[in-house]
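Observations on the three-dimensional arrangement
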Amino acid sequence: MSDEKIPGPGEPGPETAGSAPSEPGSSTDPVAHDASSPAPDEASAPAPEDASAPAAGGSRTRRYIAIGAVAGVLCVGGIGAYAFATLSGGGEQPHDVLPASALAYGRVDLDPSAGQKIEILRLLQKFPDLQDKIGDENADLRQLFIENALGEDCDVDFAADVEPWLGQRVGVALLSEPLEPVAAIQVDDEDAARTGIAQLTECSGEDESGIAFLDGYAIVGPTQESVDAAVAAAAEESLGEKAEFTEALESIGDQGVASGWVDYGALLSHPEFEELIAEGAELSGQPGLAMPEMAAELGVATVVVRAEASAIEVRGSIEGAAEISGGESLDAAQIPDTTVVAGGAAASEEYWDAYRSSFTDSLAAAGIDEATAAQFEGMLGVSVDELTTLLTSDPLFTVGERGLTDLGGMTGPESVGNLDVALRAHGDQAELRDIVERLATAAAMFGGVELTVEDVEGGVALATSDTALEAGSGLAASETFRSVVPFDTISSLGYVDFDKLQPVIELFAEGDEAAAENLEPLRAFGVSASGDEFSARLSFDE
């Protein structure tokens, strides 16, 4: 890859044919750390091995989180800058300075297309907390978001320490050899960027990180050694020159506010991936979920974030997802038109078997032994395996609108019947009925809650009332539902109707008027999948 930087407005052009070539150690040398640094033989220069050494006692995962935190602060901070950026897009992207060996990549563009900026501004203005700030023509929302992300304990002044060097684009890649993240941050001033990024790294809890510069970007990683290797590799072949990546990127179309790419097959089969997940689980104190083996058969995934007149959408695709899940679909006609919350998934029996196996492994890792499982069965009347079977039999969970306005006045178990809550499971009807009947018996015996068990097409339902199972005209015909679920056939679904959920929001936000006011503009949220495609949409009231 050529390391010649594409000139921006007001910048000098590239070297002419008669210009002297860049000297080693200059900012255009792909492996240069800093053009202003002392020569390696000067007494003040640190030994190379010191520069690459991790902070004492710091795990690999913690160092990765630190790199992600620095990039994350800059990415989140940039979201607020759209309204005040210029109305032009284009230019060199982070993937042009990151290595082709990357297994995953994500970027946020602080200078997207004009249409995206305008829509983002309009949507942000719907939130009362942001209206005044957006209305101020002199406001810089990057400062607002970055300072909020850093917190009060971080001694970083945006105007003095960040604004002078921060460019328009930020990207993060997960490299293959070794498996670790590297961030590419577009900068206007390398010296100021070096100081500013060091401050942000310190705020994230790490003593040091590696940094180098390439084509107007600061390349930041866990160690200096890893950064130098990444820069050298990118100079030889960048991710932007990798055919598989560019083809996937072209399939997205407009890059929107942000976009991402993952080679799932290569990532999940990487020998260090399982170790990294284990480290993350240990760090979080959670056991994590074992990954089904068939997940390694997935191909390339792409994702893009776009803004529309009344919605924000995360849209993408994962090669092989439909084949692995079996191409099954939920029966949306079973979802009542009065539904406020819904969730479910449909897949092949082979997929569910693999998922059950991975779930069982995860329970074992969490310390759920036979004695604990026996206690669970004694309380609910069903075994852990039987409950897992119920919840992995093309489940469909719904909560209806009825009774939500009186939720705060519920007095006891008998009030549960005033709500419309239902779980539908599809598969072996006799087996599923046996499980839900025992659950219903346990609910009545130990909780005093009367539940309804009813056969539905292809399965069985467990509900708090008969009305919870009334299909009506079907939610799929609802305009609100269609505003956040773009697919006609759905293999997995999560859905919330904020307008119908308003009584619950008011109940739980009582005494916090600001929270209620900021939720009021929201219309609905939906996350759904169909075949290889997936979508997450947040819609707003007009």
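Residues numbered from 1 in each chain as written. Predicted model: local features only at pLDDT ≥ 70, side-chain atom pairs only at ≥ 80, totals over all residues. Heavy atoms only, no water.

The next point concerns the overall build of the protein. The number of helices and strands found in the protein is 19 helices and 16 strands. Within the protein, the proportion of its 542 residues that are buried is 45%. Here the contacts in the protein between residues at least 6 apart in sequence split such that 72% fall between residues at least 24 apart. Carbon and sulfur atoms make up 53% of the accessible area of the protein, which totals about 25700 Å². (Helix = DSSP H or I, 4+ residues; strand = E, 2+ residues; numbered from the N terminus. Buried < 20%, exposed > 50% of the residue type's maximum accessible area, 1.4 Å probe, protein only. Contact = heavy atoms within 4.5 Å. Areas by Shrake-Rupley, 256 points an atom, 1.4 Å probe, with all protein chains shown as cover.)

Moving on, we come to empty space enclosed by the protein. Taken as a whole, this structure holds 1 cavity of 30 Å³ or more when the rule is applied. Here the largest cavity is characterised by a volume of approximately 40 Å³. In terms of lining residues, the largest cavity is bounded by Pro-336, Thr-338, Thr-339, Thr-398, Val-399, Gly-400, Asp-420, Thr-467 and Ala-468. Per element, the largest residue contribution to the lining of the largest cavity is 3 residues, and it comes from strand β10 (residues 396–400). When the residues that make up the lining of the largest cavity are grouped by side-chain class, the tally is 3 nonpolar, 5 polar and 1 charged. (1 Å grid on protein atoms, 1.4 Å probe; cavity = no way out; pocket = protein on both sides within 12 Å on 5 of 7 lines; lining within 4 Å. Points joined across faces, edges and corners; volume = space filled by probe spheres on them. Nonpolar A, V, L, I, M, F, W, Y, C, P; charged D, E, K, R; others polar.)

Of note, Leu-330 is situated in the loop between α12 (321–325) and β9 (339–345). Look at Leu-330 and you get buried, because its relative accessible area is 12%. Those residues in contact with Leu-330, other than ones at most four positions away along the chain, are Gly-344, Ala-345, Ala-346, Pro-395, Ile-490, Ser-491, Ser-492 and Leu-493.

For the rest of this paragraph, the subject is the pattern of salt bridges. Close approach of charged atoms allows side chains of opposite charge to pair. If you walk through the whole model with that rule in mind, you get 13 salt bridges. A salt bridge links Asp-420 to Arg-402; the nearest nitrogen and oxygen atoms lie 2.9 Å apart. Here Asp-420 is found in the loop between β10 and β11 (421–426), whereas its partner Arg-402 is found in the loop between β10 and β11, with 18 residues between them in sequence. Across the salt bridge formed by Asp-455 and Arg-433, the nearest N and O atoms sit 3.1 Å from each other. Separated by 22 residues along the polypeptide, Asp-455 in strand β12 (residues 452–456) and Arg-433 in helix α16 (residues 429–447) bring together distant segments of the chain. Classification of Arg-433 as partly exposed rests on a relative accessible area of 24%. Overlapping salt bridges bring together Glu-308, Glu-313, Arg-315, Glu-533 and Arg-537 as one network. (Salt bridge = Lys/Arg side-chain N within 4 Å of Asp/Glu carboxyl O.)

Glancing now at the state of the cysteines. Applying the stated criterion across every chain yields a total of 1 disulfide. Note on cysteine connectivity: Cys-154 is disulfide-linked to Cys-203, with sulfurs 1.6 Å apart. Disulfide Cys-154-Cys-203: the torsion about the S-S bond is 85°, which places it as right-handed. Of this pair, Cys-154 sits in the loop between α5 (141–150) and α6 (158–162) while Cys-203 sits in helix α7 (residues 190–203); the two residues are 49 residues apart in sequence, bridging distant segments of the chain. Take Cys-203: its relative accessible area is 32%, and that puts it in the partly exposed class. (Disulfide = S-S within 2.5 Å.)

Now for the nonpolar core. As a rule of thumb, soluble globular proteins bury nonpolar side chains together. Counting 24 residues, the largest nonpolar core has Tyr-105, Ile-219 and Trp-261 as its most contacted members. Breaking this core down by element, the ones donating at least two residues are β2 (166–175), β3 (180–187), β4 (210–214), β5 (217–221), α8 (224–236), α9 (243–252) and β7 (300–307). Not counting the four nearest positions on each side in its chain, Tyr-105 is found in contact with Pro-94, His-95, Leu-98, Gly-171, Val-172, Ala-173, Leu-239, Phe-245, Ser-259, Gly-260 and Trp-261. Residues Ile-146, Val-162, Ile-197 and Ile-211 belong to the second largest nonpolar core, which totals 18 residues. (Core = buried A, V, L, I, M, F, W, Y, C linked by side-chain atoms within 4.5 Å.)

Now for a negative patch on the surface. A cluster of acidic side chains, namely Glu-244, Glu-247, Glu-250, Glu-297, Glu-319, Glu-323, Glu-350 and Asp-532, defines a negative patch on the protein surface. Looking at the negative patch element by element, the count peaks at 3 residues for α9. Within the fold, Glu-319 resides in the loop between β8 (311–318) and α12. By relative accessible area, Glu-319 is classed as partly exposed at 47%. (Patch = residues over 30% accessible without salt bridge, like charges linked within 9 Å, V, L, I, M, F, W, Y side chains within 5 Å. Lys, Arg positive; Asp, Glu negative; His and termini not counted. Charge placed at Lys NZ, Arg CZ, Asp CG, Glu CD.)

Shape is all these values report; function is a separate question.
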